[in-house]
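# Observations on the three-dimensional arrangement
Spelled out from the first residue to the last, the chains are:
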Number of protein chains: 2
Amino acid sequence: MPDVTLKKLAELLNLSISTVSRALKDHADVAIETRQRVKQLAAMVDYEPNTYAINLRTNLSREFGVIIPGIANDFYQSFISSLEEEARHNAYSLIILQSGDDPVIELENLRRCKQNRLAGIFVSITSKTNDINPFLRLADQHIPVIFFDIVPSYEACNKVCVDDAAAAVLAAETLIVQKKKNILAIFGKSQLSITQKRLQAFNDTFSKYGSDAQVRCIHAGSTAESYESVMDHLGSAHQFDVVFCMSDEILIGVMKAVQTLGLQLPKDIGVLAISEGIIPTYYFPRITYIETSGFKLAKMAFSRMLACIAGSSYVQELKSEPVLVAGGSL
Amino acid sequence: MPDVTLKKLAELLNLSISTVSRALKDHADVAIETRQRVKQLAAMVDYEPNTYAINLRTNLSREFGVIIPGIANDFYQSFISSLEEEARHNAYSLIILQSGDDPVIELENLRRCKQNRLAGIFVSITSKTNDINPFLRLADQHIPVIFFDIVPSYEACNKVCVDDAAAAVLAAETLIVQKKKNILAIFGKSQLSITQKRLQAFNDTFSKYGSDAQVRCIHAGSTAESYESVMDHLGSAHQFDVVFCMSDEILIGVMKAVQTLGLQLPKDIGVLAISEGIIPTYYFPRITYIETSGFKLAKMAFSRMLACIAGSSYVQELKSEPVLVAGGSL
DNA sequence: AACATATTCGCAAACGTTTGCGAAAACCTT
DNA sequence: AAGGTTTTCGCAAACGTTTGCGAATATGTT
């Protein structure tokens, strides 16, 4: 039984296509009993409206594009998971496009979003994206673009991201309250804006409170580098009482080192991280962390998207407030 | 500058719509120089064909649906990541639908796939799905369905999954070769077919080789349960020399317990897991595991899908061969 | 120069749906 | 019973594209 269309239904019912169409959407123009006849048959033969015809006719789409560097990341995972739920509840679907942190593929993905005339796009740009004009141009085509997580710096556009500064401040305050005096703080690649923001706010906070803590800041570009650094610094007779990790990636390296050295948390060393929230539960005791959850961000991004579709034309930068989740590592 | 269509191009060039359409796809019926004129203008004004019109006209789609219980899972993450790459290279897109392990939502998602007349769908069913007829009926609509990972048991359908038995056999053989004598083996929920297959093959292998190893099999339905079990069994003066984990979920619980008890790998206890491959790298030493990678599975699933679209009508059950990845935990 | 063939292009229908508008039929109102 | 409303429905155009077919023009052959 191939595709059943409005035309077929109309023939079967001795009605016109328009009447069938209207009946199915409870249009007041068609008699109640006719509506029921139509709906009954439609259900019987498993009629499903052809989305392509609808989208063509209405020039509207119920699909959002999501362009991200890569899906294999706890943050994007929770973001997408949450976004998909929101979308589904609003009868939208999600199309996932990975750019592999390659601006060329990213552009190609953007082209496809445009070609598919999607209802809107969520995008987390690659670390190498420097021209965001192609994105902004979509706004002219009435395709709203919401940047999230990794967002362009200066331009006027819709952004939804973690409040990096607030997270770092909260981390620093936590350490100060806990009276940690010798802190090993590990940050990511120094050229990344996220690193710069967190590092700056972290250090500023210690100054602001006039803390006398010794803070040793180092950079690690990967889990492996993070591991090596910690092995070096915590090797023997170290003087640190806590390690701060800027990200999950770094936390993993730190915890590997902790295991290698056979250190006990929090007796031998404390650990505090900024994290998406999954990784900290993998260890004992559970790591204390500042949460930068993709879930919340997705909700914010989605409602911003709906606002844009509804006509809101002004741009806005939203930040998700980080919270401290206490584990047993401090 | 709103949408530019073939008609607009035609007017601008003083050509007919058909000629413009043909020119853009290098049809031999249109003069070489005309083609170039057309293409040039099209590039200039950023023309993008309207996908909806094309799909409607050709009754073809370049989108695949992916229905999974939930995206927040390392296995699905690597599967989707890999599948998206394959899709992109073949000019397809991926629509992600989560069923939240709820058969009702799963059915709803299926309906949407049908409504969108997708080119095909990949589905990993929920643990509670018992009627797969709705899926099979899509085949009548010429929408190929490829089941992956969690697949229905008996019916004739296209399945691509991990070779559970082979993975368990390989695990058992590894333990036998390493001359482990006291084995604590932790499996998932006993009613899951994946658990049954792995448990059976695991035990059978010890029998087959006439091993004299003591194997204690227990079940754990979650990471937390896994943690508790290990705490009980490895608490004090235990006699085990190795713990086998059927899955990542279980491995995480085991490793938490190992950390809680302050055990050193592999000196105090050995650990072997069946895993997707990410989690084992989070620990020191890296956990030795049998790999059941989502990447490989995705490639297999995708090529099977292409075959189906190309007309292959027979169904097939494909299994991905597991491999042993040596870490330092044995 | 006459004809055949090749090249280049346009007409028009079709895909399945939505929707403004008008027509027919039914129902009131007086 | 005549006019006015309301209810119920169908006609036809439109969305942007593809494609079979035929027409017009150009090219080749004798």
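For the structure itself, consult the block above.
Everything numeric in this text was worked out from a predicted model, so none of it was measured.

## So, the pairing of strand S5 (residues 158-162) of chain B
On any regular strand, side chains alternate: one points to one face of the sheet, the next to the other face. Residues and elements named next belong to chain B. The element S5 is largely enclosed, with a buried count of 5 among its 5 residues. One ladder, built from 3 bridges, connects strand S4 (residues 145-148) with S5; its direction is parallel. Looking across to S5, one finds that Ile-146 is bridged to Asn-158. Across 4 bridges, S5 lies against strand S11 (residues 317-320) in parallel orientation. Along S11, the bridge assignment pairs Val-162 with Ser-320.

## What about helix H3 (residues 32-44) of chain A?
All names here are of chain A. In this model H3 runs 18 Å from its N-terminal to its C-terminal C-alpha over 13 residues, within 8% of the 18 Å that 1.5 Å per residue would give. Listed in full, the buried residues belonging to H3 are Thr-34, Arg-35, Val-38, Leu-41 and Ala-42. Buried residues of H3, seen end-on, are gathered within an arc of 140° and therefore sit on one face of the element. Turned more than 90 degrees off the buried face of H3, the exposed positions are Ile-32, Glu-33, Gln-36, Gln-40, Ala-43 and Met-44. Asp-46 lies just past H3 and shows a positive phi near 65°.

## Topic: the protein's contact with DNA strand C
Taken together, 26 residues lie near DNA strand C, and A:Leu6, A:Tyr47, A:Arg57, B:Thr19 and B:Arg22 sit nearest. Among atoms of DNA strand C positioned within 4 Å of the protein, sugar and phosphate together represent 57%. Contacts to DNA strand C include B:Arg57, whose side-chain N or O atom sits 3.2 Å from a base nitrogen. Here the surface near DNA strand C takes 4 residues from helix H2 (residues 17-24) of chain A, the largest share from any one element.

## Quick look at the protein's contact with DNA strand D
Lining the immediate surroundings of DNA strand D are 26 residues, of which A:Thr19, A:Arg22, B:Leu6, B:Tyr47 and B:Arg57 lie closest. A distance of 2.9 Å separates a phosphate oxygen of DNA strand D from a polar atom in the side chain of A:Thr34. Elements that contribute at least two residues to the surface near DNA strand D include exactly H2 and helix H4 (51-58) of chain A together with helix H1 (6-13), helix H2 (17-24) and helix H4 (51-58) of chain B. Looking at the surface near DNA strand D, the element that brings in the most residues is H2(B), giving 4 residues. In the surface near DNA strand D, the residues fall into 10 nonpolar, 9 polar and 7 charged.

## Brief notes about the interface of chain B and chain A
Interface size is commonly expressed as the accessible area that is lost once the parts come together. Each side of the interface is counted separately: chain B has 55 residues, and chain A has 55 residues. A buried area of about 5,500 Å², summed over both sides, lies between chain B and chain A, and 46% of it is on carbon and sulfur atoms. On the chain B side of the contact with chain A, B:Tyr52, B:Arg117 and B:Tyr282 bury the most area, a combined 15% of that side's loss. Counting every contact that joins chain B to chain A gives 6 salt bridges. Across the pair A:Arg111 and B:Glu48 runs a salt bridge whose closest N-O atoms are separated by 3.1 Å. Here chain B and chain A share 36 residue pairs in polar contact (both at pLDDT 80 or more) between them. Of all elements in the fold, only H4, helix H5 (74-89), strand S2 (93-98), helix H6 (103-115) and helix H11 (248-260) of chain B reach the threshold of two or more residues within the side of chain B that touches chain A. A class-by-class count of the residues in the side of chain B that touches chain A yields 23 nonpolar, 19 polar and 13 charged. With 3 bridges joining them, strand S2 (residues 93-98) of chain A and S2(B) adopt antiparallel strand pairing.

## Describing the pattern of salt bridges
Throughout the structure, instances matching the rule amount to 28 salt bridges over all chains. With a closest N to O distance of 3.3 Å, B:Asp3 and A:Arg117 form a salt bridge. Within this pair, whereas B:Asp3 is found in the segment before H1, its partner A:Arg117 is found in the loop between helix H6 (103-115) and strand S3 (120-123), the two belonging to separate chains. One salt bridge in this structure joins A:Asp212 and A:Lys181, with 3.0 Å as the shortest N-O distance. Here A:Asp212 is found in the loop between helix H9 (193-208) and strand S7 (214-219), whereas its partner A:Lys181 is found in the loop between helix H8 (164-177) and strand S6 (182-187), with 31 residues between them in sequence. Overlapping salt bridges, with partners in common, bring together A:Asp26, A:Arg35 and A:Lys39 in one network.

About the cut-offs
Residues numbered from 1 in each chain as written. Chains lettered and ligands numbered in written order. Predicted model: local features only at pLDDT ≥ 70, side-chain atom pairs only at ≥ 80, totals over all residues. Heavy atoms only, no water. Buried < 20%, exposed > 50% of the residue type's maximum accessible area, 1.4 Å probe, protein only. Helix = DSSP H or I, 4+ residues; strand = E, 2+ residues; numbered from the N terminus. Pairing = 2+ DSSP bridges. Expected span 1.5 Å × (residues − 1). Arc of directions from axis to C-beta. Near = heavy atom within 4 Å. Polar contact = N/O pair within 3.5 Å; in protein donor to acceptor, adjacent residues only side chain to side chain. Nonpolar A, V, L, I, M, F, W, Y, C, P; charged D, E, K, R; others polar. Contact = heavy atoms within 4.5 Å. Buried area = accessible area lost by both parts, 1.4 Å probe. Salt bridge = Lys/Arg side-chain N within 4 Å of Asp/Glu carboxyl O.

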